[in-house]
Amino acid sequence: MTDESKKHGPDEAVENNVAAEAFAAQEAAAGADAPAEPDPVELLKAENAELRDKYLRLAAEMDNLRRRTERDVKDAKSYSVAGFARDMLAVSDNLRRALDAIPPDALAGDDAGLKALADGVEMTERSMLSALERHGVRKLDPIGEKFDPHFHQAMFEVPNPDVASNTVVQVVQDGYVIGERVLRPAMVGVSKGGPKAPAGETSTAQA
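Residues numbered from 1 in each chain as written. Predicted model: local features only at pLDDT ≥ 70, side-chain atom pairs only at ≥ 80, totals over all residues. Heavy atoms only, no water.

A. Layout of the sheet that holds strand 3 (residues 168-173). Read from one edge of the open sheet, 3 strands run 2-6-3, paired in mixed fashion. Strands with a single pairing partner mark the edges of an open sheet, and in this sheet they are strand 2 (152-159) and strand 3. Averaged over neighbouring strand pairs, the angle between their axes works out to 30° when direction is ignored. (Pairing = 2+ DSSP bridges. Helix = DSSP H or I, 4+ residues; strand = E, 2+ residues; numbered from the N terminus. Axes fitted to C-alpha atoms, helices over the stretch in contact; angles between N-to-C directions.)

B. Structural view of unusual backbone geometry. Here the phi dihedral of asparagine 166 falls at roughly 70°; this positive angle occurs in a residue that is not glycine. On the secondary structure map, asparagine 166 appears in the loop between strand 2 and strand 3. A relative accessible area of 33% places asparagine 166 in the partly exposed class. (Buried < 20%, exposed > 50% of the residue type's maximum accessible area, 1.4 Å probe, protein only.)

C. Just the side chain of arginine 184, in detail. With respect to the helices, strands and loops of the structure, arginine 184 is situated in strand 5 (residues 181-184). Here arginine 184 falls in the buried class, since its relative accessible area comes to 13%. Within the structure, arginine 184 has its side chain in polar contact with the side chain of aspartate 93 (distance 2.5 Å). Looking at arginine 184, its side chain comes within polar contact range of the main-chain oxygen of aspartate 174, at 2.8 Å. Each residue touching arginine 184, except ones within four places of it in the same chain, is listed here: Leu89, Asp93, Gln173, Asp174, Gly175 and Tyr176. (Polar contact = N/O pair within 3.5 Å; in protein donor to acceptor, adjacent residues only side chain to side chain. Contact = heavy atoms within 4.5 Å.)

D. Molecular detail of the pattern of salt bridges. Across all of its chains, the model carries 11 salt bridges by this definition. Residue arginine 184 is joined to aspartate 93 by a salt bridge in which the shortest nitrogen-to-oxygen separation is 2.5 Å. Taken together, the residues span a long stretch of sequence, with arginine 184 in strand 5 and aspartate 93 in helix 4 (residues 82-100) at a distance of 91 residues. Comparing arginine 184 with aspartate 93 shows no difference in burial state: the two are buried. One network of salt bridges, with partners in common, ties together Asp63, Arg66, Arg67 and Glu70. (Salt bridge = Lys/Arg side-chain N within 4 Å of Asp/Glu carboxyl O.)

E. The arrangement of the sheet that holds strand 1 (residues 137-139) in detail. Taken together, 3 strands build an open sheet; the order of strands is 1-4-5 and the sheet is antiparallel. Here the strands that pair on one side only, and so sit at the sheet edges, are strand 1 and strand 5. Here the average twist between neighbouring strands, direction ignored, is 35°. Here strand 1 runs beside strand 4 (residues 176-178); their pairing, made up of 3 bridges, is antiparallel. The residue bridging arginine 138 from the neighbouring strand is valine 177, located in strand 4.

F. Fine view of the layout of surface pockets. There is about 220 Å³ of room inside the largest pocket. Looking at the lining of the largest pocket, the element that brings in the most residues is helix 4, giving 5 residues. Here the lining of the largest pocket is built from residues that sort into 3 nonpolar, 2 polar and 8 charged. (1 Å grid on protein atoms, 1.4 Å probe; cavity = no way out; pocket = protein on both sides within 12 Å on 5 of 7 lines; lining within 4 Å. Points joined across faces, edges and corners; volume = space filled by probe spheres on them. Nonpolar A, V, L, I, M, F, W, Y, C, P; charged D, E, K, R; others polar.)

G. Molecular detail of the nonpolar core. Membership of the largest hydrophobic core comes to 15 residues, with the highest contact counts inside it found for Ala85, Leu89, Leu132, Val137, Tyr176, Ile178 and Leu183. Those elements giving two or more residues to this core turn out to be helix 4, helix 6 (112-134) and strand 4. If one sorts the elements of this core by residue count, helix 4 sits on top with 5 residues. What valine 137 contacts, discounting residues up to four positions off in sequence, is Ala85, Leu132, Tyr176, Val177, Ile178 and Leu183. (Core = buried A, V, L, I, M, F, W, Y, C linked by side-chain atoms within 4.5 Å.)

H. How the structure looks around the packing of helix 4 against helix 6. As a packed pair, helix 4 and helix 6 sit with axes 10 Å apart at the nearest point and diverge in direction by 155°. Comparing their axes, helix 6 and helix 4 come out roughly antiparallel. In this structure, the crossing between helix 4 and helix 6 has a hand that is left-handed. Side by side, helix 4 and helix 6 meet where Ala85, Met88, Leu89, Val91, Ser92, Leu95, Arg96 and Leu99 of the first sit next to Ala118, Val121, Glu122, Thr124, Glu125, Met128, Leu129 and Leu132 of the second. Of the residues belonging to the contact of helix 4 with helix 6, the class tally is 11 nonpolar, 2 polar and 3 charged. (Parallel < 35°, antiparallel > 145°, perpendicular 65-115°, else oblique. Left-handed = near helix turned anticlockwise from the far one by under 90°.)

Here it is in structure tokens:
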């Protein structure tokens, strides 16, 4: 045989098959090492879950903001006049002092001018307190209640064995609340020396 016939013999076919198999094996190995392409459906699901989470967080924040705003607006309406109301109470106190300063026998006399003046001052006091009440200012009535430091300010003690200890028995200066807040505590005298107040008794000023 010549050299030309050897090149195209069975050995050459075997070599070609071996080379092809080796190339195929290399391609398969390369394909195994390459990262798999992400599933578009899974990507969309993950993105949708992330967007939903952001939406829920934003909705919760907006709801909290709405509630805070409503509460702030309500408080502003209820308590915006607190400083003015406190000043008006001082004026009302002065009107009451003026009335208390008039001797009872003078009012019982024949001085029509003094009576008219006293009536006018008393009417002004009532009108002022009525206007404050329309704006949420309410007068406390602590007589007979258990002393409550949130609503009362103790000025002195009154010995009385017939009244439960720490009970308000006298009011020196009226107290007021606006809404649920104390505008001015009542200055009071409290009893001492009597039996202990029942454990469950609380001040009705908070109602």
